[in-house]
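Chain by chain, the residues:
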Amino acid sequence: MGSTLRKSQAVRQAPGSAPLERRRPAGGAPKLREGQREAAAETSQPVVSVREKQIGDHERTLKAHKEEDNPQKTMEANGLTPVPDSYDYDLIVIGGGSGGLAAAKEAAKYEKKVMVLDFVTPTPQGSSWGLGGTCVNVGCIPKKLMHQAALLGQALQDSRKFGWQLTEEVKHSWMTMTESVQNYIGSLNWGYRVALRDTKVTYENAYGEFVGPHTIKATNKKGIEKLYTAERFIIATGERPRYLGIPGDKEYCISSDDLFSLPYCPGKTLVVGASYVALECAGFLAGLGLDVTVMVRSILLRGFDQDMANKIGEYMKEHGVNFIREFVPIKVEQVEEGTPGILKVTAKSTTGDQMIEGEYNTVLLAIGRDPCTRKIGLDKVGVNINEKTGKIPVNDEEQTNVPHIYAVGDILQGKLELTPVAIQAGRLLVRRLYAGETTKVYHSHFWPLEWTVPSRDNNKCYAKIICNIQDNVFTNLSVTKRSGEDITVSGC
């Protein structure tokens, strides 16, 4: 069993021996200790306990020794209090997105033993991706690059007015674009894995689920399960697109999780939803020359300034995007198979009984996102979530109601759902837990995203920022003389 079990901690009862009794209380029958009652219920002996917490009988103890060589894991799997100073890791981060990776790498700077568990459950259409989370794989990065592709198409049209003479017809290749975008994302995935390795952070492509107060079960794509323990945990599981819950939605529709790696041009597309994800996707698809329609339940960009939202809608309409207002789909049927095929959408008015039908090659759902919090065992460790939304309430230090479990990113209740916010929150959380520093200098060469696909001038842009960590503000901002600003600026 190793050094974890010591003679002073173990309780062994010989076969056939009489149970021990407490001193008989006046006027009452003898009482057994709780541990003795548990031991009496076991089927084989000796019965082993650690610090008065029972692991099990001979058979269970032997099995734990052979399989794990660590009784700590057996104890936590049985819901028992862990043995101090025997955790596998100081910190386990569940989720390898922007916030989770930032927290893990920051913790490694303080020589903490850190593990990252990240697993992408495939979409109904089978799409999955590598390390890095939503923003890198199916969010900000591919969206910006495809938007850049659309802008280049507009620039080609504008260039004629500036004297550029195009001698051949210009066409767009969806396959060339997606291949280039996915190659770039693949390089980022690899870079994140290398960064974890270089900082000695353990990474496992496995689904994390709590099974005990300080124990998590990691299940890989082959179904192989492992148990790990940690002193602290950070939940950074992010969100996934929501489906309509109507006939044919998961069978035939796609989401933003599928669009950026779609192996064929989507053709005539119906975008369902009026969020910024819906309008951004509709915008660049139309910019690539596709026939695009947006189906809106009520208003555009709920929660945003409606004067601005309506101007966006008007601009999109002027540039070829069609809108169907105050309708919602109630059924999606496949008319013809193919890549793309033909789908028939039946929709119902939100203000009456009117029904409409339409045929499209692709139906893209962008009606919102749900936190990935309901299937990671939070109920087993007592972490509270908002039952309606799935969001996790935390205090000002990202701490849940369970003191050793924290959360960052889009899964937090009442917090901004933005990648830079998640990154900074992860870093600052770790510094509060492990660091005492007050000032840090950030400096880096960087490659503007728009320059990546055409491979223009890598590492020619440079940024340097000196920050006061406790106040979270810049403590010095250098400016050029040409700007006319005061070069002694001490804050902003």
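Residues numbered from 1 in each chain as written. Predicted model: local features only at pLDDT ≥ 70, side-chain atom pairs only at ≥ 80, totals over all residues. Heavy atoms only, no water.

Draft legend 1. Molecular detail of the nonpolar core. Ranked by internal contacts, the top residues of the largest apolar core, which has 42 residues, are Trp174, Leu259, Phe284, Val292, Val294 and Phe323. Secondary-structure elements contributing two or more residues to this core are α5 (133–138), α6 (140–159), α7 (174–198), α10 (276–287), β12 (292–296) and α11 (306–318). Counting residues per element, this core draws most heavily on α10, at seven residues. Excluding residues within four positions of it along the chain, Leu259 makes contact with Trp174, Ile254, Cys281, Phe284, Leu285 and Leu364. Ranked by size, the runner-up nonpolar core spans 25 residues in total, among them Tyr89, Met115, Leu117 and Ala206. (Core = buried A, V, L, I, M, F, W, Y, C linked by side-chain atoms within 4.5 Å. Buried < 20%, exposed > 50% of the residue type's maximum accessible area, 1.4 Å probe, protein only. Helix = DSSP H or I, 4+ residues; strand = E, 2+ residues; numbered from the N terminus. Contact = heavy atoms within 4.5 Å.)

Draft legend 2. Region of the structure containing helix α13 (residues 419–434). Compared with an ideal rise of 1.5 Å per residue, which puts 16 residues at 22 Å, α13 spans 23 Å between its outermost C-alpha atoms and is within 8% of the ideal. Every buried residue of α13 is accounted for by Ala422, Ala425, Gly426, Leu428, Leu429, Val430, Arg431 and Tyr434. (Expected span 1.5 Å × (residues − 1).)

Draft legend 3. Quick peek at the pattern of salt bridges. The full count for this structure, using the stated rule, is 15 salt bridges. Note that Glu106 and Lys109 form a salt bridge whose closest N and O atoms lie 3.3 Å from each other. Linking Glu106 with Lys109, this pair stays in helix α4 (residues 98–109), spanning three residues, or about one helical turn. For Glu106, a relative accessible area of 3% gives the class buried. Lys380 is paired through a salt bridge with Glu209; the nearest N and O atoms lie 3.3 Å apart. (Salt bridge = Lys/Arg side-chain N within 4 Å of Asp/Glu carboxyl O.)

Draft legend 4. Focus on the side chain of Glu204. Considering the arrangement of structural elements, one finds Glu204 in strand β5 (residues 202–204). As a buried residue without a salt bridge, Glu204 has its nearest oppositely charged side chain in Lys226, at a separation of 4.1 Å. In this structure Glu204 touches Met115, Val116, Leu117, Asp118, Ala218, Lys226 and Tyr228, once residues within four positions along its chain are discounted. (Lys, Arg positive; Asp, Glu negative; His and termini not counted.)

Draft legend 5. Focus on the pairing of strand β4 (residues 114–117). What you see with β4 is no split at all: Val114 and Val116 on one side and Met115 and Leu117 on the other are buried throughout. With four bridges connecting them, strand β3 (residues 89–94) and β4 associate as parallel partners. Residue Ile94 lies in a different strand from β4, and its bridge partner there is Leu117. Read from β3 through α4 to β4, the crossover connection turns out right-handed. (Pairing = 2+ DSSP bridges. Right-handed = clockwise from strand over helix to strand, strands pointing away.)

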